[in-house]
Amino acid sequence: MAQPQMRKAIESGVPDNKQYLHPLLAKNYGNWKYHDRPRPGVLHHVAHTGDEVWTVRAGTQRQMDVYTIRKLCDIADQYAEGHVRFTIRSNIEYMVSQESMVAPLIEELEKNGFPVGGTGNSISMMAHTQGWLHCDIPGTDASGVVKSLMDELYEEFKREDMPNRVHLSTSCCEINCGGQADLAIIIQHTKPPKINHDLVANACERPAVVARCPVAAIRPALVNGKPSLEVDEKKCICCGACYPPCPPMQINDPEHSKLAIWVGGKNSNARAKPTFMKMVAAGLPNNPPRWTEVGEVVKKILYTYKDDARPWERLSDWIDRIGWPRFFEKTGLPFTKYLIDDWRGARVNLNASTHIRF
Ligand code: SF4
Ligand code: SF4
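Predicted, not measured: the structure shown is a model, and the values here were computed from it.

Right, let's talk about helix H3 (residues 102-111) for a bit. For H3, the set of buried residues is Val102, Leu105, Ile106, Glu108 and Leu109. Along the axis of H3, the buried residues cluster in a sector spanning 165°; they form a single face. In H3, the exposed positions that point more than 90 degrees away from the buried face belong to Ala103, Glu107 and Lys111. In this structure, the buried side of H3 is in contact with strand E1 (32-39), strand E2 (42-47), strand E3 (52-59), helix H2 (66-79) and strand E5 (91-96). The first or second residue beyond H3 is Gly113, which carries a positive phi of 90°.

So, in structure tokens, the structure goes:
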């Protein structure tokens, strides 16, 4: 009898990137002698073999239409050597083997509206979330916030004038994509969800919604004779986690969904340990199309840091040195007891949960 064949796993993960590398990068992989930056936005790598590669980095809007992608690819074919790659902060990089190709490539990119920069001690392009394009829970349009802010920080992207690199991020809900950044802009819901009881019975799996709440604030309930849910508003921390599995738990609100600014997070081990961000401004209006109030606070923090930090201090190092009271004094931001929460209260909050105990 024929032996049953094992089914092969279908691999649908990220393909091996080596096949897409510029030939000189593939040839000299792991064999570099040194690298430097001849100007902001340009990296220069020299290999032990004597090969040299210049990389030109340009900012993009991250969520791109097919025409923009074609334009970027045409630039790669005409002004570079047909190879590109994207960085984790949505910049595009072109690799060339001749120094003489660098200046015309920069000129063409800038002519088409793609600023060249984002290297070294610049303000990086903002890492931002999927927002309304792919995700089911946004409380605001992350791309709009990013566009408005990067318009104002455009010159800082092109220069390397900050004390150290500055990573910015935006997340359009409170619970997922946030990450750690030198400065992050995060939506902040300030009221518990309003429940549309007519829809709950049809749209939601109630046990899944109850299990989703980190502080066990949701209970099954019968409302007007129909199965629904109720929220203990004293316990609710307005996190928004119940909204994805149950859209009738409406938490997005034009007035009560605000924006908060967090500072001092970093993922890297360079010079100091990784650090968590802390909230330093809350309750800023979610005010499209230019989010002016958010822009004011972000610029206040970034330019105070620029003036006051020592060379090579990241935002968190600077705050560590001067202390939180002086951070608020120098930036002129108002301090309240709700800011820079260090999670001392989390033990009480989270121990009320059905699934976390410590
Ligand atoms: S931040 Fe939240 S809403 Fe925005 S893309 Fe991430 S998970 Fe979705
Ligand atoms: S999941 Fe979050 S927003 Fe929803 S009830 Fe629980 S604490 Fe409140």
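Once the structure has been displayed, the description carries forward.
This part is about the sheet that holds E5. Taken in spatial order, the 5 strands make up an open sheet running E1-E2-E3-E5-E4, and their pairing is antiparallel. For this open sheet the edge positions go to E1 and strand E4 (84-86), each flanked by a neighbour on one side alone. Adjacent strand axes in the sheet meet at a mean angle of 25°, parallel and antiparallel pairs treated alike. Relative to E3, E2 runs antiparallel, the two being bridged by 5 bridges. Opposite Val46, over in E3, you have Glu52 as the bridge partner. Set on the sheet, H2 makes contact with E4 and E5; between it and E5 the angle comes to about 15°. Where H3 meets the sheet, its contacts fall on E1, E2, E3 and E5, and the angle it forms with E3 comes to roughly 10°.

On to the sheet that holds strand E8 (residues 183-189), then. Pairing is mixed in the open sheet, where 5 strands are placed in the order E6-E7-E8-E13-E14. Every interior strand has two partners, whereas the edge strands, strand E6 (127-128) and strand E14 (278-285), have only one. Where strand E7 (residues 168-171) meets E8, 4 bridges bridge the pair, whose relative direction is parallel. Note that in E8 the partner of Ser171 across the bridge is Ile186. Across the sheet, helix H4 (residues 142-152) is in contact with E6, E7 and E8; its angle to E7 comes to roughly 150°. In the packing of helix H10 (residues 324-331) onto the sheet, the strands contacted are strand E13 (257-263) and E14, and the crossing angle to E14 comes to about 35°.

To continue, consider the site of ligand 1. With respect to spatial proximity, the complete set of residues near ligand 1 consists of Thr129, Gln130, Gly131, Cys135, Ile137, Pro138, Ser171, Cys172, Cys173, Asn176 and Cys177. Along the lines of polarity and charge, the residues of the shell around ligand 1 split into 6 nonpolar, 5 polar and no charged.

What follows covers the side chain of Glu156. Locating Glu156 in the fold gives a position in helix H5 (residues 154-158). A polar side-chain atom of Glu156 sits 3.4 Å from a polar atom in the side chain of Tyr303. Setting aside its immediate chain neighbours within four residues, Glu156 contacts Ser122, Ile123, Asp161, Met162, Tyr303 and Lys306.

This brings us to the state of the cysteines. By the definition in use, this model includes 1 disulfide. The residue that forms a disulfide with Cys204 is Cys246, at a sulfur-sulfur distance of 2.2 Å. Disulfide Cys204 to Cys246: torsion about the S-S bond roughly 75°, handedness right-handed. You can see Cys204 sitting in the loop between helix H6 (197-203) and helix H7 (206-212) and its partner Cys246 sitting in the loop between strand E11 (226-231) and strand E12 (249-250), a full 42 residues away along the chain. By relative accessible area, Cys246 is classed as buried at 0%.

Right, let's talk about the site of ligand 2 for a bit. Around ligand 2, 14 residues are found, and the nearest of them are Cys213, Cys236, Cys239, Gly240 and Cys242. Here the residues of the shell around ligand 2 sort into 13 nonpolar, 1 polar and no charged.

This brings us to the packing of aromatic side chains. The geometry of an aromatic ring pair is captured by two quantities: the separation of the ring centres and the angle between the planes. Under the defined criterion, the tally for this structure stands at 6 aromatic pairs. Pairing Trp318 with Phe327 gives two aromatic rings, centres 5.8 Å apart and planes at 65°, and the pair type is edge-to-face. Residue classification places Trp318 among the buried positions, given a relative accessible area of 0%. By relative accessible area, which is 0% here, Phe327 ends up buried. A centroid spacing of 5.2 Å and a plane angle of 85° characterise the contact between Phe327 and Phe328, whose relative ring orientation is edge-to-face. Each of the two residues, Phe327 as well as Phe328, counts as buried. Seen from the ring of Tyr29, Lys18 lies directly overhead, with NZ or CZ sitting 4.4 Å from the centre.

Counting through the fold element by element, Ser90 comes out in the loop between E4 and E5. When residues no more than four places from it in sequence are discounted, the contact partners of Ser90 are Thr60, Arg62 and Met125.

A word on the pattern of salt bridges. Using the criterion set out here, one finds 17 salt bridges in the structure. Put simply, Glu93 and Arg85 hold a salt bridge, and the shortest N to O gap is 2.8 Å. Judged by relative accessible area, which is 3%, Glu93 ranks as buried.

Before going further, it helps to examine H4. Regarding H4, the residues found buried are Ala142, Gly144, Val145, Val146, Ser148, Leu149 and Met150. Those residues of H4 that are buried are in contact with E6, H5, E7, E8 and helix H8 (292-308). Between the side-chain oxygen of the N-cap and the backbone nitrogen of Ser143 there are 3.2 Å, and the N-cap of H4 in question is Asp141.

Criteria and cut-off values
Residues numbered from 1 in each chain as written. Chains lettered and ligands numbered in written order. Predicted model: local features only at pLDDT ≥ 70, side-chain atom pairs only at ≥ 80, totals over all residues. Heavy atoms only, no water. Buried < 20%, exposed > 50% of the residue type's maximum accessible area, 1.4 Å probe, protein only. Helix = DSSP H or I, 4+ residues; strand = E, 2+ residues; numbered from the N terminus. Arc of directions from axis to C-beta. Contact = heavy atoms within 4.5 Å. Pairing = 2+ DSSP bridges. Axes fitted to C-alpha atoms, helices over the stretch in contact; angles between N-to-C directions. Near = heavy atom within 4 Å. Nonpolar A, V, L, I, M, F, W, Y, C, P; charged D, E, K, R; others polar. Polar contact = N/O pair within 3.5 Å; in protein donor to acceptor, adjacent residues only side chain to side chain. Disulfide = S-S within 2.5 Å. Phe/Tyr/Trp six-rings, centres within 6.5 Å; stacked < 30°, edge-to-face > 60°. Lys NZ or Arg CZ within 6 Å of the ring centre and 35° of its normal. Salt bridge = Lys/Arg side-chain N within 4 Å of Asp/Glu carboxyl O.

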